Amino acid sequence: MTEKLTLEDQLRSALPDLTRAERQLASHMLSHYPMAALGSITQLAKASQVSTPTVVRLAQKLGYKGYPDVQASLRREVEAMLVSPLSKHDRWAGGVPDTHILNRFADAVMANLQATLGQINHAEFDAACALLADPNRHVFAMGGRITHVLADYFTSLMTVVRSEVTLLSDSATTWAPALLDMKQGDVLLVFDIRRYENAVLQIAEMAREQGAEIILITDRWVSPAASLASYTLACHIEAPSAWDSNVSLMVLVETLLASVQSKTWDDTARRMQRLESLYARTRQFRKYR
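Residues numbered from 1 in each chain as written. Predicted model: local features only at pLDDT ≥ 70, side-chain atom pairs only at ≥ 80, totals over all residues. Heavy atoms only, no water.

### Topic: the nonpolar core
Operational definition: What makes a nonpolar core is a set of buried Ala, Val, Leu, Ile, Met, Phe, Trp, Tyr and Cys residues whose side-chain atoms join them at distances within 4.5 Å. Buried residues are those whose accessible area, probed at 1.4 Å on protein chains only, stays under 20% of the maximum for their type, while exposed residues exceed 50% and partly exposed ones sit between those limits. Strands here are runs of E lasting at least two residues and helices are runs of H or I lasting at least four, both read from the DSSP assignment and numbered beginning at the N terminus. The contact criterion used is simple: two residues touch if any of their non-hydrogen atoms lie within 4.5 Å.
Residues Leu7, Leu11, Met29, Leu58, Met142 and Leu188 are the most contacted members of the largest nonpolar core, which totals 44 residues. In terms of residue count, helix H2 (residues 20-31) provides more of this core than any other element does, 5 residues in total. Not counting chain neighbours up to four residues away, the residues in contact with Leu188 comprise Phe140, Ala141, Met142, Ile203, Ala204, Ala207, Glu213, Ile214 and Ile215. Within the second largest apolar cluster, 32 residues are counted, among which are Ile120, Ala141, Ala151 and Ile215.

So, in structure tokens, the structure goes:
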């Protein structure tokens with residue numbers, strides 16, 4: 001059975017055949033997906049700087065009777081993406097192909113990675129890297145219950161690449177002191193995938209109030225924190241498991257690190273040399289025989 005296309009998929013497929021105004025509307029909806037289309041038709045038209053008839057025409061071009069049908073379909077998507085791990089398992093376990101789990105999981109991960117890389121805006125990615133590489137900006141990172149490990153991994157390596165990098169731990173008691181040191185122009189890298197966490201959104205809101213630039217790594221349904229982000233990098237994460245896959249997010253993290261390293265290589269190389277000297281003095285690593 002062919003999987004039903006999401007509204008996001010439909011918008012991307014339709015882009016080449018849209019009028020200028022419709023393309024402007026579709027681009028706005030994709031950039032603020034799914035939140036943009038959950039408000040009224042008047043709000044969406046105003047935010048996209050198009051007319052309300054343009055919203056109706058686009059809905060009809062996508063095969064809907066009108067904007068209310070678009071919203072109904074989108075609400076079903078949002079409900080599906082917020083399901084618990086147990087419910088998510090029940091959705092796929094009955095209809096999986098009769099092949100080994102290694103093959104099925106690898107196929108899903110490869111498809112996620114291909115889809116993710118196919119939709120990342122290169123200019124937006126490069127701009128995010130430029131923020132992270134700017135030595136005048138302090139970089140902070142945080143994640144949710146599951147994605148916190150990605151923020152930890154990012155900061156562990158980024159502290160080698162450059163100075164002024166801080167991990168916001170998963171303990172709420174550390175957030176206020178970190179925010180106390182956050183100033184205008186600093187950068188907060190946020191990880192937030194379904195089921196989106198209120199604490200992540202709250203910290204992003206407070207960071208934005210203090211003038212921080214926010215880079216969001218999220219899933220293809222897009223965290224509510226996207227409304228606060230300067231740059232949003234959306235990943236495909238579905239897998240034949242009760243949990244979503246973080247592979248695409250990890251690839252983005254490692255690519256961000258590689259890009260920042262290349263932009264700051266002279267300073268980074270000196271930091272690495274000093275670090276290796278310190279490791280040698282402390283005998284932290286075993287020598288090869």
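### A look at the environment of Val70
Structurally, Val70 is set in helix H5 (residues 67-81). Assessed through its relative accessible area of 4%, Val70 is described here as buried. Taking the C-alpha atoms as reference points, Val70 and Gln60, 10 residues apart in sequence, are found 9.3 Å from one another. Discounting chain neighbours no more than four positions away, the residues touching Val70 are Leu7, Ala59 and Tyr64.

### A few points about the pairing of strand S3 (residues 187-192)
To be explicit about the condition: Each pair of strands is called paired provided DSSP finds at least two bridges between the two strands. A clockwise course of the path from the first strand over the helix to the second, judged with the strands pointing away from the viewer, identifies a crossover as right-handed.
Counting buried positions along S3 yields 6 of 6 residues, so the element is predominantly enclosed. Neither face of S3 is open: one carries Val187, Leu189 and Phe191, the other Leu188, Val190 and Asp192, and all of them are buried. Relative to strand S4 (residues 213-219), S3 is paired through 6 bridges, and the arrangement is parallel. Counterpart to Val190 in the pairing with S4 is Leu216. Running through helix H11 (residues 198-209), the crossover from S3 to the neighbouring parallel element S4 is right-handed.

### Quick notes on the pattern of salt bridges
Where we set the bar: Within this document, salt bridges are pairs made up of a side-chain nitrogen of Lys or Arg and a carboxyl oxygen of Asp or Glu, the two lying within 4 Å of each other.
Under the definition given, this model contains 9 salt bridges. Among the ionic pairs, Glu8 bridges to Arg12, the shortest N-O distance being 3.3 Å. A residue pair is termed a helical-turn pair when its members lie 3 or 4 positions apart in one helix, as Glu8 and Arg12 do in helix H1 (residues 7-14) at 4 residues.

### Considerations on the sheet that holds strand S5 (residues 231-235)
Stated precisely, the cut-off is as follows: All axes are obtained by fitting lines to C-alpha atoms, using only the stretch in contact for helices, and the reported angles, taken between N-to-C directions, cover 0 to 180 degrees.
Strand order in the open sheet formed by 5 strands is S2-S1-S3-S4-S5, and the pairing between neighbours is parallel. The open sheet has two free edges, formed respectively by strand S2 (165-167) and S5, since each of these has just one partner strand. On average, each strand axis in the sheet is inclined to that of its neighbour by 15 degrees, with strand direction left out of account. Both strand S1 (residues 139-142) and S3 contribute to a ladder of 4 bridges, which runs parallel. Its bridge partner lying in S3, Phe140 is registered against Leu188. Contacts from helix H8 (residues 122-133) reach S1, S3, S4 and S5, with the element oriented near 120 degrees to S5.

### Describing H8
Structurally, the α-helix is built with 3.6 residues per turn, so residues lying three or four positions apart point the same way. Basically, it comes down to this: Expected span of a helix: the number of residues minus one, times 1.5 Å. Whenever two N or O atoms come within 3.5 Å, that pair is a polar contact, provided that in protein one can donate a hydrogen and the other can accept it, and provided that, for residues adjacent in sequence, both atoms are side-chain atoms.
With 12 residues, H8 extends 16 Å from end C-alpha to end C-alpha; this agrees with the ideal 16 Å at 1.5 Å per step. Among all positions in H8, only Phe125, Ala128, Cys129, Leu131, Leu132 and Ala133 are buried. The residue sitting at the N-terminus of H8 and contributing the capping side-chain oxygen is Asn121; that oxygen lies 2.9 Å from the backbone nitrogen of Ala123.

### Considering helix H7 (residues 101-119)
Put simply, the test is: Starting at the helix axis, one direction is taken to each C-beta atom, and the arc is that of these directions.
Between its first and last C-alpha atoms H7 spans 27 Å; for 19 residues at 1.5 Å apiece the expected length is 27 Å, and the two agree. For H7, the complete set of buried residues consists of Arg104, Ala108, Val109, Asn112, Leu113, Thr116 and Gln119. Down the axis of H7, the buried set is contained in an arc of 165 degrees. They therefore lie on one face. Facing away from the buried side of H7, by more than 90 degrees, are the exposed residues Leu102, Asp107, Met110, Gln114 and Gly118.

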